[in-house]
Amino acid sequence: MPAKKKVQPKKDVKKTTKKAVKKTTEKKIKTYDPLRGMKDVLPKHESYWLDVSRISRSVASAYGYKYMQTPVLEPAQLFIRSIGKATDVISKEMYVFEDRDGKKVAMRPEFTAGIARAYISNGMHSLPQPVKVWYEGPVFRHDRPQAGRYRQFNQFGCETLGDRDPVIDAELIVVAYNTLKDIGLETLVYINSIGSEEDRQNYIVELVGYLRSKRAYLSEESRKRINKNPLRILDSKNEQDKEVVQDAPQILDWLSQDSKDYFMKVLEYLDELHIPYVLTPTLVRGLDYYSDTVFELYLDKDGEEDGSQNALCAGGRYDGLVEQIGGRPTAAAGFSMGIERVILALKEKAQQHQGKEKKEKQPHLFFAQLGEQGRRRALFLMEELRREGITLGANLSKGSLKAQLELADKQHATHTVILGQKEVQDGTVIIRDMSSGIQEIVDQKKIGKKLKKILEA
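Calculation rules
- Counting restarts for each chain: residues are numbered from 1 in the order of the written sequence.
- Only residues with pLDDT of at least 70 are given local features in this predicted model, and only at 80 or more are side-chain atom pairs given and counted; all residues enter the totals for whole chains, interfaces and linings.
- Note that water and hydrogens are dropped before the side-chain values are worked out from all heavy atoms of the structure.
- Pairing between strands requires that DSSP locate at least two bridges from one strand to the other.
- In this text, helices come from DSSP runs of H or I with a minimum length of four residues, and strands from runs of E with a minimum of two, each type numbered from the N-terminal end.
- Working convention: axes come from line fits to C-alpha atoms, limited for helices to the stretch in contact. Angles between N-to-C directions cover 0 to 180 degrees.
- Expected helix span is taken as 1.5 Å per residue step, with the number of steps being one fewer than the number of residues.
- Type-normalised accessible area, obtained with a 1.4 Å probe on protein chains alone, sets the label of each residue: buried when under 20%, exposed when over 50%, and partly exposed for intermediate values.
- Residue contacts are counted whenever heavy atoms from the two residues lie within 4.5 Å of one another.
- The term nonpolar core refers to a set of buried residues drawn from Ala, Val, Leu, Ile, Met, Phe, Trp, Tyr and Cys, joined through side-chain atoms within 4.5 Å.
- Salt bridge, as used here: a side-chain nitrogen of Lys or Arg that lies within 4 Å of a carboxyl oxygen of Asp or Glu.

**What to know about the sheet that holds strand β4 (residues 104-107)**
Line of reasoning, step 1. The three strands are arranged β2-β4-β3 in an open sheet whose pairing can be described as antiparallel. Two strands in the sheet have a free side with no partner beyond their single neighbour: β2 (73-75) and β3 (96-98). Put simply, the sheet's adjacent strands are angled 40 degrees from each other on average, direction ignored.
Line of reasoning, step 2. Across three bridges, the pairing between β3 and β4 is antiparallel. Bridged to E98 within β4 is K104.

See below:
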């Protein structure tokens, strides 16, 4: 007899479908993190970012600098030609790609070349000279991420184009120094002169001869730089290189008399203004367009020199740049400040002095409302107060007074304005002192005057 076939039990279609749906629902959705070297700026860091920006703009404006902005994308050749092929920025770090038109473009690795290009493109040589501008925004370098150094970072800076005078170099250093001082950071100015193009060429011949004689003692990276960019070896952070550089010929000994006289005048202005500086013969800056005065600003740690950390600010003179990228001969100088590095220094200072991070600044006033009528009236009153220059914290989506008062407390509000349906009908508000709990009824027409008194107290 043929073997009986086993009858498979019928599957429960509904059960199977539910399992499939459940499995699909439980499937984890991929989340995304920022790209390496890119950072989010969060609301809890708001006060640092806004304070640094506000103070920087205020100081620049006080010295007569005007706002200017250039595109994030520029022709790649602009930076290659101005910064130099042998520099790390061009050879290793610049973001370069072809757009859909087949043009080779770059995300700006720094501002100065773009400012010089805009000076030419917009015929700014016809304006009264010098042209003094400030800028602020993101720049991009495919650098090795580390503390205070990111692949997208932000710079604030000032440039003066159209005149050559030692007082301009000194003024830029003063602006940079006072900006950092007003922000809350005491700094030292590290300064040097790299002379004219002719001065540097004469010096490089001497320097290369010395470095070749010490080749065996240099790091591998510096050996590669001997023929390509020997000046960069002078400010190498490698301890092995530092020992060799100590006995290297100094560029100050190779400056022409004109270059020496120019540099001495810059220093005399700094002396007159009591700006603390350190003569640093190994300071050369990393970009090819610099000439004459170069400088960097570092934290002044109780008067001790400390050039080991990243510079907060750096700049110098670049008289040949505008002509190099197609413009007429134009003297120029400027500086840029790394905003992330400045904020990092501020946080470290707060930790040292207080044992914890600086408390974020929050609104001193909070507006709490109850009911639909209260919410509508609150919107109107807050707009009126805003026009009077009074800012209040609020969360209009919350209906519970208890929840709003808890939020006001978390935001360190000193006083809370309370508006319920009764107050709407009476044309009043309640102002509560958050520390004592004392409440005062105030006419809505007089609320601005009352809050201003509170803020000024």
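**Thoughts on helix α7 (residues 197-213)**
Line of reasoning, step 1. In this model α7 runs 25 Å from its N-terminal to its C-terminal C-alpha over 17 residues, within 8% of the 24 Å that 1.5 Å per residue would give.
Line of reasoning, step 2. Those residues of α7 that fall on the buried side of the exposure criterion are D199, R200, Y203, I204, L207, V208, Y210 and L211.
Line of reasoning, step 3. The inward-facing, buried residues of α7 abut α8 (220-228), α9 (239-245), α10 (257-272) and β9 (291-299).

**Quick look at unusual backbone geometry**
Line of reasoning, step 1. Looking along the chain, the bond that leaves Q129 and enters P130 is cis, with omega of 0 degrees.
Line of reasoning, step 2. Structurally, P130 is set in the loop between α5 (112-121) and β5 (131-140).
Line of reasoning, step 3. Residue H274 is not a glycine yet carries a positive backbone phi of 60 degrees.
Line of reasoning, step 4. For H274, the position within the fold is in the loop between α10 and β8 (277-279).
Line of reasoning, step 5. Positive phi is not limited to glycine here, since H412 has a value of about 60 degrees.
Line of reasoning, step 6. Structurally, H412 can be placed in the loop between α14 (401-410) and β14 (415-419).

**Describing the nonpolar core**
Line of reasoning, step 1. Counting 54 residues, the largest nonpolar core has F79, L161, L207, L211, L231, L234 and Y289 as the members making the most contacts within it.
Line of reasoning, step 2. Of the residues forming this core, the biggest block, six residues, is contributed by α7.
Line of reasoning, step 3. With residues near it in sequence (within four places) discarded, L211 still touches L218, I226, P230, I233 and V244.
Line of reasoning, step 4. Listed in part, the 42 residues of the second largest apolar core include L172, I191, A345 and L346.

**Some points on the sheet that holds β14**
Line of reasoning, step 1. Taken in spatial order, the five strands line up as β13-β12-β14-β15-β16 in an open sheet, and their pairing is mixed. Of all strands in the sheet, those bounded by a partner on one side alone are β13 (393-394) and β16 (439-443).
Line of reasoning, step 2. Pairing of strand β15 (residues 428-433) with β16 involves five bridges; the strand directions are antiparallel. Each bridged residue has a counterpart across the sheet, and for I431 the counterpart in β16 is E440.
Line of reasoning, step 3. Sheet contacts for helix α13 (residues 371-387): β12 (365-369), β13, β14 and β15; angle to β12, the most-contacted strand, approximately 150 degrees.
Line of reasoning, step 4. Its contacts with the sheet place α14 against β12, β14 and β15, and it is angled at close to 170 degrees to β12.

**With respect to the environment of V322**
Line of reasoning, step 1. Relative to the helices and strands, V322 resides in helix α11 (residues 321-324).
Line of reasoning, step 2. Along the backbone, V322 and A116 are 206 residues apart, and their C-alpha atoms lie at a distance of 5.6 Å.
Line of reasoning, step 3. V322 has contacts with A116, Y119, I120, L161, G327, R328 and T330, leaving out every residue within four places of it along the chain.

**Overview of the pairing of strand β10 (residues 313-317)**
Line of reasoning, step 1. Burial of β10 is extensive: five of the five residues sit out of reach of the surface.
Line of reasoning, step 2. Two strands pair when backbone bridges link them, and β10 and strand β11 (residues 332-338) are joined in this way by five bridges, in the antiparallel orientation. Bridging from a neighbouring strand, A314 pairs with S336 of β11.

**Re the environment of L283**
Line of reasoning, step 1. Residue placement: L283 occurs in the loop between β8 and β9.
Line of reasoning, step 2. What makes L283 buried here is its relative accessible area of 4%.
Line of reasoning, step 3. Placed 49 residues apart in sequence, L283 and L234 show a C-alpha to C-alpha distance of 7.0 Å.

**Some remarks on the pattern of salt bridges**
Line of reasoning, step 1. One pass over the full model with this rule turns up 18 salt bridges.
Line of reasoning, step 2. With a shortest N-O distance of 2.8 Å, E197 and R200 are connected by a salt bridge. Linking E197 with R200, this pair stays in helix α7, spanning three residues, or about one helical turn.
Line of reasoning, step 3. Classification of R200 as buried rests on a relative accessible area of 9%.
Line of reasoning, step 4. Taking the shortest distance from any N to any O, the salt bridge between E384 and R387 comes out at 4.0 Å. Of the two residues, E384 and R387 both sit in helix α13, three residues apart, roughly one turn of that helix.
Line of reasoning, step 5. A single network of salt bridges, built from pairs that share partners, joins R164, D169, D292, R317 and D319.

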